[in-house]
Amino acid sequence: MNPVTAPRTTARHLPIWAGLVLAIIGGLMMPIQGRINGGLAERMGDANAAAAISFAGGTVVMLLTSVLLPRGRAGLAAMRRAVAGREFPRWYLLAGLSGGYIVFGQSHAVPLIGVALFTVAIVTGQTMSGLMVDRVGFGPGGKRFITARRMAGAVLMIIAVLWAVSPRLESSTQGLSWLVPVLLPFSAGLFMGFQQAMNGTQTAAYGTPITATLVNFLVGGTALFILWGISSVGAEAQVVFPPQWWLYTGGVFGCVFIA
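This one's a predicted model, so the numbers in the text were calculated from it and none came from an experiment.

1. Focus on the packing of aromatic side chains
(1) Moving on: Here the structure, examined in full by the defined rule, presents seven aromatic pairs.
(2) Moving on: Ring geometry for Trp91 and Tyr92: centres 4.8 Å apart, planes at 80 degrees, overall edge-to-face.
(3) Moving on: You can call Trp91 partly exposed: its relative accessible area is 49%.
(4) Moving on: Here the aromatic residues Phe88, Trp91, Tyr92 and Tyr206 are joined through ring pairs into a cluster of three or more.

2. Some details on the environment of Gly220
(1) Moving on: Note on placement: Gly220 falls in helix H8 (residues 209–232).
(2) Moving on: With 161 residues separating them along the chain, Gly220 and Thr59 place their C-alpha atoms 9.4 Å apart.
(3) Moving on: Excluding anything up to four places from it in sequence, Gly220 contacts Phe55, Gly96, Leu97 and Gly100.

3. A few points about empty space enclosed by the protein
(1) Moving on: A complete count under the given rule lists one cavity of 30 Å³ or more for this structure.
(2) Moving on: Contributing to the lining of the largest cavity are Gln33, Phe55, Gly99, Ile102, Val103, Gln195, Phe217, Gly254, Phe257 and Ile258.
(3) Moving on: Going through the elements one at a time, helix H4 (96–136) and helix H9 (250–258) are the ones with two or more residues in the lining of the largest cavity.

4. A closer look at the environment of Leu40
(1) Moving on: Residue placement: Leu40 occurs in helix H1 (residues 16–44).
(2) Moving on: Its relative accessible area of 0% is what places Leu40 among the buried residues.
(3) Moving on: Taking C-alpha positions, Leu40 is 9.0 Å from Gly250, a pair spaced 210 residues apart along the chain.
(4) Moving on: Setting aside residues no more than four positions away along its own chain, Leu40 makes contact with Ala50, Ile53, Pro242, Leu247 and Tyr248.

5. What to know about the side chain of Thr213
(1) Moving on: One can find Thr213 in helix H8.
(2) Moving on: A polar atom in the side chain of Thr213 sits 2.7 Å from the backbone oxygen of Pro209.
(3) Moving on: Dropping the residues within four chain positions of it, Thr213 is found in contact with Met62, Cys255, Ile258 and Ala259.

6. Topic: the packing of H4 against H8
(1) Moving on: For the pair H4 and H8, interaxial distance at closest approach is 7 Å and the crossing angle is 50 degrees. Overall, the two elements H4 and H8 adopt an arrangement that is oblique. In this structure, the crossing between H4 and H8 has a hand that is right-handed. Contacts between H4 and H8 pair Gly96, Leu97, Gly100 and Phe104 from the former with Asn216, Val219, Gly220, Ala223, Leu224 and Leu227 from the latter.
(2) Moving on: Tallied by class, the residues present in the contact of H4 with H8 amount to six nonpolar, four polar and no charged.

7. Some points on the side chain of Ser98
(1) Moving on: Tracing the sequence through the fold places Ser98 in helix H4.
(2) Moving on: The buried category is assigned to Ser98, whose relative accessible area is 9%.
(3) Moving on: Excluding residues that lie within four positions of it along the chain, Ser98 makes contacts with Phe191, Met192 and Gln195.

Rules used throughout
- Residues numbered from 1 in each chain as written.
- Predicted model: local features only at pLDDT ≥ 70, side-chain atom pairs only at ≥ 80, totals over all residues.
- Heavy atoms only, no water.
- Phe/Tyr/Trp six-rings, centres within 6.5 Å; stacked < 30°, edge-to-face > 60°.
- Buried < 20%, exposed > 50% of the residue type's maximum accessible area, 1.4 Å probe, protein only.
- Helix = DSSP H or I, 4+ residues; strand = E, 2+ residues; numbered from the N terminus.
- Contact = heavy atoms within 4.5 Å.
- 1 Å grid on protein atoms, 1.4 Å probe; cavity = no way out; pocket = protein on both sides within 12 Å on 5 of 7 lines; lining within 4 Å.
- Points joined across faces, edges and corners; volume = space filled by probe spheres on them.
- Polar contact = N/O pair within 3.5 Å; in protein donor to acceptor, adjacent residues only side chain to side chain.
- Axes fitted to C-alpha atoms, helices over the stretch in contact; angles between N-to-C directions.
- Parallel < 35°, antiparallel > 145°, perpendicular 65-115°, else oblique.
- Left-handed = near helix turned anticlockwise from the far one by under 90°.
- Nonpolar A, V, L, I, M, F, W, Y, C, P; charged D, E, K, R; others polar.

What follows is the structure, encoded as structure tokens:
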């Protein structure tokens, strides 16, 4: 079997119900993280700076976790072997760029369209890309055919989310000024399916999600700080760091979501 698509025993330790529970918990982190990152961007007056700061917090958490926990140190050793042995395409290490784009979208779009509409857009994109990723077998679990039941479940999920936030949609869609900001989280959702597949492949190779999450934050954080630096050239406004400590916890929720 191709090492990219062959599931390892380390990826089978959790029963399916536990994986579903963790997926739900991770999904709950997304709107919370969006609210925090959007608030930080508003108070800092610089969405690029807010995105970089958020990722920096998550990077610190994952560095400490990787160094202090035996599982984290074992994952770093396994990562060296996996990358050297080409157990998966090395460009999978760039999966963190998608995570950085998601946080970038949160910082830019949430202040304009709100958390509810942001969530609808990103979930829609994520559902579409998830079905595509399963169909082509991009993830470590191999191909999963798009059956009528799975398609119906995806459609019902999107309808449920739209219904839940419909009052907010009615007040947010006056005119077309909301359309462009909505395309940002929708496109982030499209990338998210592929990011999850690449993270799953790395987790199977490392034997732990800790190392895969750390790589995501290092790559995405580097990209966001480069973007912040470029956007700051010639900028006259000073970045304001708000005193509210909770505005800097977006990266922590991102750790839970990615892991």
